[in-house]
Every structure is written in C-alpha cells, then in structure tokens.
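Residue-level structural notes
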Amino acid sequence: MDIKEFGKILAAEVKDVLGGDYHIEVSEVVKNNGVIRNALAIRKEGEFVSPTIYIDSFFEDYKNGVMLMSIVNDLVKMYHASSVPAAGMEMDFFRDFSEVSGRMYYKLVNYEKNKVSLKDIPYRKVLDLAMVPLCRVDNDVIGSGNITVTNTHLRMWEISEEELWENIRDNAPKLAPVKVRGLADVLQRITGCDDDLFPICGIYVVSNTSECLGAGSVFYPGVLKGLAEDLECDLYIIPSSIHEVLVLPDSEFGIDANNLRSIINEVNTTTVSDEEILSDNLYVYHSDSDRIFIADNEEDIAS
C-alpha cells in the first residue's frame, strides 16, 4: 500500500465515523522548497472552515504496526480539536487594506526551490532568496496564522506592489521585531549547561521575537550595521534555516569561506528538514559599503 491508497482508506473510515454530512478530500500539499505532504481536508456541510491534517507521519505509524482504527480515532480527535465555527473565522476585514496594513511582514525562502509557487506572489528577490509577503491573522480560538499575499489580493485592495512593500518595510520590524542572541546563550538554554562550557564568543543568532520565520529579520535596517560596529569588522552570515541565521565576525576562528560553505552544506543535508532549508550559500556583509554579497560572488544587495 502506498500513501495515496492509505489516504483514500483513511478518508473513508473517518467519514464513516463523522457521518454523511462531512466532505473529506485527500490531497497533496506543496510546502516550502517544493516539499510535498499528503493531507486530509475535512469540511462539514454548511461550514467554510476546512481543517487540513497531514497524514505522512500516520502512514509511517501504520507501516510500523499501529492499528488503522487507532489512527482513525486520532485523526477524528485532531479534527474536533482544530475545527472552528465559521463565525469564528470571519474574514470580511481582509477585503479592506486599511484593516490589514498593520499586519504585514514577510518570510525569507529559497528562490530556486520555490520558483513555481512564487509565480502569483508579489515577492522581492534578494540574492538567491525571495522575500514573501505575509499577513498575520489572529483568532481567539486557533491563535495566530499567516496568509500569503498574492497578486489577487493586490487587485482586491487596489494597491501596487510598491505600495505593499513600502508598507512591509515600515511594519515588519514592529510586527515581528528582530531578536539577536549570543550562540552561547542559546546553547545554555537548550542544554542547561554552564556558560563556561561554551567558549563561543562573537557568534550571534538572528531571528524575530517569535523565533518563527525569522531569518528575514537580518535584512531589517540597521541590524547588520549595528553588529558590524559592535564587532568592528565585516560579517559572515550563515543561513541556518527559514527561522534564523547565524552571524559571525569574518576574522574569527581562522575559518575561511570554503570551510563555512562546507559546514552549511553538511548541516542542510543532515540536520535541517527539507522544508526549512534556506540556502547552501554563505553571505558576507561589508560594513564599509553597507552591502550583502554571496561570498565569492559579485551579486549584492544594499542592506
């Protein structure tokens, strides 16, 4: 049995448990970097909310001996936990740009890996990356989520790409403020060990305050310039994931650019999930020009 057949069987069993007034669809969902995940979309008749539940991990559980009906029961519980009355997801405010303008920010993704999904998105390309506009939506029941802004939204709002990105440049640092931490502090928090065990100075983790989709905060005005002034040198930028980057002095540890690129490639291959990989490239920030380059590449952007 492959996962598509497994999904069809799950859909039939879940529908049997929930009843005939539910519509259940099996679909492939394209995630970041073109990663394909398999899901069930469950919608009750008369409701517009359709929770999507990914089933890839359930398929692995099934192959490892978990009983089918145990998985079905877990799926039904997940549906009831995530379903929301349609009134709780009122989206009329989204039609008026003045209502959502304060909710705009962006995430950073790999351009080549997402080229297809970027076609209807008013993104901004930076080096080998793309800034993808997001609108944060808050709900009292399900919490915060993001809607990816598309060209269709721009037409609905009757604004241009330039107006959108002018708004994002002003709003992103306020909605998703930058958070800079020393790497030693991060390791101490994770392990609970003493600072002295981590003699790692001058390496910073840059993200946003939620530590989610925060890699793009490194491009906020003044972030790199401030770090370079503190460290009194140019900077290397290591793209850890879509959530954060590492920034370190270009003169520390005797590590050259080739070694750093090898480390990035190794970590992306063995540690970072395919969906969260940002780039295999190493970046360098030149403090004199206030510009970011791909290391050993003439292409650059103004910081």
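Refer to the structure presented above.
Treat the numbers as computed from the prediction; the structure is a model and nothing was measured.

Next up on the list: the overall build of the protein. When you go through the protein residue by residue, the secondary structure sums to nine helices and 14 strands. For the protein, the residues scored as buried account for 42% of the 303 residues in total. When contacts within the protein are restricted to residue pairs at least 6 apart in sequence, those whose partners lie at least 24 apart make up 57%. As presented, the protein carries roughly 16,000 Å² of accessible surface, and 49% of it is formed by carbon and sulfur atoms.

Here strand S10 (residues 235-238) shows no split at all, with Leu 235 and Ile 237 on one side and Tyr 236 and Ile 238 on the other all buried. Summarising the sheet, S10 and strand S11 (residues 245-249) pair through four bridges and their orientation is antiparallel. Bridge pairing links Leu 235 to Pro 249 in S11. Adjacent in sequence and paired antiparallel, S10 and S11 are bridged by six residues.

Now for the sheet that holds strand S1 (residues 22-30). The three strands are arranged S1-S2-S3 in an open sheet whose pairing can be described as antiparallel. Looking at which strands have only one partner, the edges of the open sheet turn out to be S1 and strand S3 (52-54). Each strand of the sheet is rotated relative to its neighbour by a mean of 30°, with strand direction disregarded. Looking at chain direction, S1 and strand S2 (residues 36-44) are connected through nine bridges and run antiparallel. Residue pairing in the sheet places Glu 25 in a bridge with Ala 41 of S2.

For the rest of this paragraph, the subject is the environment of Leu 282. Along the chain, Leu 282 falls in the loop between helix H9 (257-270) and strand S12 (283-286). Judged by its relative accessible area of 0%, Leu 282 is buried. Expressed as a C-alpha distance, the spacing of Leu 282 and Ile 264, which sit 18 residues apart in the sequence, is 7.7 Å. Beyond its immediate stretch of four places on either side in the chain, Leu 282 contacts Tyr 236, Ile 237, Ile 238, Ala 257, Leu 260, Arg 261, Ile 264, Phe 293, Ile 294 and Ala 295.

Turning our attention to the pattern of salt bridges. Enumeration over the complete set of coordinates arrives at seven salt bridges. With a shortest N-O distance of 2.8 Å, Arg 124 and Glu 161 are connected by a salt bridge. On the criterion of sequence distance, the pair formed by Arg 124 in strand S5 (residues 124-126) and Glu 161 in helix H6 (residues 161-175) is long-range, its members being 37 residues apart. Accessibility expressed as a relative area gives 25% for Arg 124, which makes it partly exposed. Looking at Glu 161, the relative accessible area reads 29%, which means it is partly exposed. Between Arg 181 and Glu 244 there is a salt bridge whose closest N-O contact spans 3.6 Å. Pair noted here: Arg 181 is in strand S8 (residues 178-182) and Glu 244 is in the loop between S10 and S11, with a separation of 63 residues, a long-range link. Relative accessible area serves as the criterion here: at 11%, Arg 181 is assigned to the buried category. One continuous salt-bridge network, built from bridges that share partners, spans Lys 179, Arg 181, Glu 211 and Glu 244.

Closest axis-to-axis distance for the helix H2 (residues 56-63)/helix H3 (residues 68-82) pair is 10 Å, and the angle between their directions is 160°. The orientation of H2 with respect to H3, classified from their angle, is roughly antiparallel. H2 and H3 meet at a crossing whose hand is right-handed. Touching Phe 58, Asp 61 and Tyr 62 of H2 are Leu 68, Ile 71, Asp 74, Leu 75 and Met 78, all from H3. The residue makeup of the contact of H2 with H3, split by class, is six nonpolar, no polar and two charged.

What follows deals with the nonpolar core. Proteins that are soluble and globular tend to have nonpolar side chains buried together. Counting 43 residues, the largest nonpolar core has Met 104, Trp 157, Leu 164, Phe 219 and Val 247 as its most contacted members. At five residues, strand S6 (residues 129-139) tops the list of elements feeding residues into this core. If near-sequence neighbours (up to four positions away) are discounted, Leu 164 is found in contact with Phe 97, Met 104, Pro 122, Pro 133, Val 149, Leu 154 and Ile 159. Within the second largest apolar cluster, 19 residues are counted, among which are Leu 10, Ala 11, Leu 18 and Tyr 22.

Scanning all chains against the criterion turns up eight aromatic pairs. Ring centres of Tyr 106 and Trp 165 lie 6.1 Å apart, and the angle between their planes is 55°; on these two criteria the pair is classed as tilted. Of this pair, Tyr 106 sits in strand S4 (residues 104-110) while Trp 165 is found in helix H6, placing the two residues 59 residues apart along the sequence. We note that Tyr 106, like Trp 165, is buried. An angle of 45° between the planes, with centres 5.9 Å apart, marks the rings of Tyr 111 and Tyr 123 as tilted.

Glancing now at the side chain of Asp 128. Within the secondary structure, Asp 128 sits in the loop between S5 and S6. Lys 125 provides the closest opposite charge to the buried, salt-bridge-free Asp 128, at an N-O distance of 7.1 Å. Only 2.6 Å separates the side chain of Asp 128 from the side chain of Tyr 283, close enough to count as a polar contact. Setting aside its immediate chain neighbours within four residues, Asp 128 contacts Asn 110, Tyr 111, Ser 279, Asn 281, Tyr 283 and Ile 294.

Definitions and limits used
- Residues numbered from 1 in each chain as written.
- Predicted model: local features only at pLDDT ≥ 70, side-chain atom pairs only at ≥ 80, totals over all residues.
- Heavy atoms only, no water.
- Helix = DSSP H or I, 4+ residues; strand = E, 2+ residues; numbered from the N terminus.
- Buried < 20%, exposed > 50% of the residue type's maximum accessible area, 1.4 Å probe, protein only.
- Contact = heavy atoms within 4.5 Å.
- Areas by Shrake-Rupley, 256 points an atom, 1.4 Å probe, with all protein chains shown as cover.
- Pairing = 2+ DSSP bridges.
- Axes fitted to C-alpha atoms, helices over the stretch in contact; angles between N-to-C directions.
- Salt bridge = Lys/Arg side-chain N within 4 Å of Asp/Glu carboxyl O.
- Parallel < 35°, antiparallel > 145°, perpendicular 65-115°, else oblique.
- Left-handed = near helix turned anticlockwise from the far one by under 90°.
- Nonpolar A, V, L, I, M, F, W, Y, C, P; charged D, E, K, R; others polar.
- Core = buried A, V, L, I, M, F, W, Y, C linked by side-chain atoms within 4.5 Å.
- Phe/Tyr/Trp six-rings, centres within 6.5 Å; stacked < 30°, edge-to-face > 60°.
- Lys, Arg positive; Asp, Glu negative; His and termini not counted.
- Polar contact = N/O pair within 3.5 Å; in protein donor to acceptor, adjacent residues only side chain to side chain.

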